[in-house]
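Examining the three-dimensional arrangement
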Amino acid sequence: MLDINRIRENTDEVIRGLAKRNFTADFSHVIMLDDKRKALTFESENLKAQKNKVSADIPMKKKNQEDVSELLAEMKVIADKTKEIEIELNNVKKEIQEFLEVLPNIPADDVQQGGPEENKVVSVYGKKPEFSFVPKDHVTLCETLNLIDYKRGVKIGGNGFWVYTGIGAIVEWALLNYFVEEHLKDGYEFLLPPHILTYECGYTAGQFPKFQDDVFKLKEEENKGYTQFILPTAETALVNYHRDEILKEEELPKKYFAYTPCYRKEAGSYRAEERGMIRGHQFNKIEMFQYTTPENSDAALDELVDKAVRLMDGLGLHFRLSKLAAGDCSHSMAKTLDIEVWIPSMGIYKEVSSASNAKDYQARRGNIRFKREQSGKNEYLHTLNASGLATSRILPAIVEQFQNEDGSITIPEVLRKWIGKDMIKIEKK
RNA sequence: GGAGAGAUGGUCGAGUUGGUUUAAGGCACCGGUCUUGAAAACCGGCGUAGGGGCGACCCUACCCUGGGUUCGAAUCCCAGUCUCUCCGCCA
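Residues numbered from 1 in each chain as written. Chains lettered and ligands numbered in written order. Predicted model: local features only at pLDDT ≥ 70, side-chain atom pairs only at ≥ 80, totals over all residues. Heavy atoms only, no water.

Points about the overall build of chain A
This is how the line gets drawn: For the purposes of this entry, the term helix denotes a DSSP run of H or I that reaches at least four residues, the term strand denotes a run of E that reaches at least two, and both are numbered from the N terminus. Whether two residues are in contact is decided by their heavy atoms, any of which lying within 4.5 Å being enough. Areas reported as accessible are Shrake-Rupley estimates using a 1.4 Å probe. Residue values count occlusion only from the protein chains shown. Positive charge is attributed to Lys and Arg, negative charge to Asp and Glu, and no charge count is given to His or to the chain ends. A charged residue contributes its charge at one atom only: NZ of Lys, CZ of Arg, CG of Asp or CD of Glu.
A count of helical and extended segments in chain A gives 13 helices and 18 strands. Each principal axis of the C-alpha atoms in chain A carries an extent, and together these give about 105 × 45 × 40 Å. Taking all contacts inside chain A whose residues are at least 6 apart in sequence as the whole, residues at least 24 apart take part in 73%. For chain A, the accessible area works out to roughly 21,500 Å², and carbon and sulfur atoms hold 49% of it. Side-chain charges of chain A comprise 61 positive and 69 negative groups, with the mean position of each set lying 2 Å from the other.

Shown next as structure tokens:
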């Protein structure tokens, strides 16, 4: 949510910012509405003040046996007039709200204008694997090594689902263990949140009302407009953890991480080359999250990116770090960096982590503040999130990048203590 | 799922036969006096949001949420949410 006062006072700056994500906005109408809101508020409050004054006189006059019928009539007129103005005022407020709540965040100053084609690779890690044989794709490898059962996944869950089997499940779980261990080392608090969330959670995160169709809605009761949904990312749960709270400045930054599967409709985004585990309706992810003061959020984003990079580096994979252009950042985010892993069979890099600074955008929607010690004032804090990491694309990357000529897979060193072996080989039957 | 009780400012808690309570009071917290220092005592301050005024200030709203009755609602009515106790069911 953008601040109406920021829009009023720095209109051109806001317009220029949104233009970077190819979003054109005309604020003249909403500013006019806000003027109207102020005028109506003033009028309504004056009437209420008058009402309160007369209302205090009535019991006194009654006590003195005076006639109050004239006052009652006067009050009736004031009450009717107030009601009229209140209705108009509520309509104006609603219209302002509806306009503001669908505006995207303003990109940070150092974020490039344009769409995905303007994304910039910041750095590249590891060496692109070269094979002296014809490498297989992860679908083939996972099937021959019995890591994943695609057929039965579709049978029991429908299109877009798979089943981790045997050693495949163990590797997937080892990745999660590795990430959990690293986050604990860095002093992040581990949370396991509900997977079913209320509408308010989606609103605060910025998914609702505009992007409702991306999630699986669970319950939609008639005439209530109230929906529970299955979370598309743990971020949605974590940003709501402190919703409607005022934190102490000294307890910031708050650093959390959570493990949840992520459930997404991915309606219409299926592409033929994305078979296997590149895009499903459910994938595992560990999410990092921070609540910080505004002045510390840039540094916090650097920290999150660095953590994600270190996790990838620890696995020994070839990947790159990209800075997204304004138009490719999601709705709620001011700045985003993606970590993309090399998938040899596809010849492209696919996102395994997205690290973003939402600044005060989500905090405004969720009314999340902190008390500034020096001034005693409440201010909106900044929220940041980063995957750390999404495992379901890492497993295919490991399988493809670390495959050997005989069809076996070399297991990354850091995972071996959970898997109990250093190679995955074809089982003789 | 059934029955009952409840929800008031950071916390505890009064007010709930509608109007002289402008939400009392205690605690916590902050500042001051006193003290070598501390404690105690005393004095003062102490919520959030919106609006008006150059300003000292002033006004409005908020007693779980949303409606309603009334000239007037923390208080009455309706709907909902949540919490607690008991019963049932159940990892």
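Some details on the domain arrangement of chain A
Applicable threshold: Here the bounds of each domain stem from an automatic or database domain assignment.
As assigned here, chain A comprises domain 1 (26-100) and domain 2 (116-424). For domain 1 and domain 2, the distance between their C-alpha centres works out to 50 Å.

Considering the protein's contact with RNA strand B
Applied cut-off: A molecule or strand has a residue near it when one of that residue's heavy atoms lies within 4 Å. Within 3.5 Å is the distance limit for a polar contact, defined as a pair of N or O atoms, with the added protein rule that one can donate a hydrogen and the other accept it, and that residues adjacent in sequence qualify only through two side-chain atoms.
Taken together, 20 residues form the shell around RNA strand B, and within it Glu 45, Pro 59, Lys 62, Lys 63 and Met 75 come nearest. The sugar-phosphate backbone supplies 66% of the atoms of RNA strand B found within 4 Å of the protein. In the model, a base nitrogen of RNA strand B is placed 2.8 Å from a nitrogen or oxygen of the Glu 45 side chain. Between RNA strand B and the protein, one listed contact pairs a base nitrogen with a side-chain N or O atom of Ser 55 at 3.4 Å. Every element with two or more residues in the surface near RNA strand B is listed here: α3 (28-63), α4 (69-100) and β14 (369-371).

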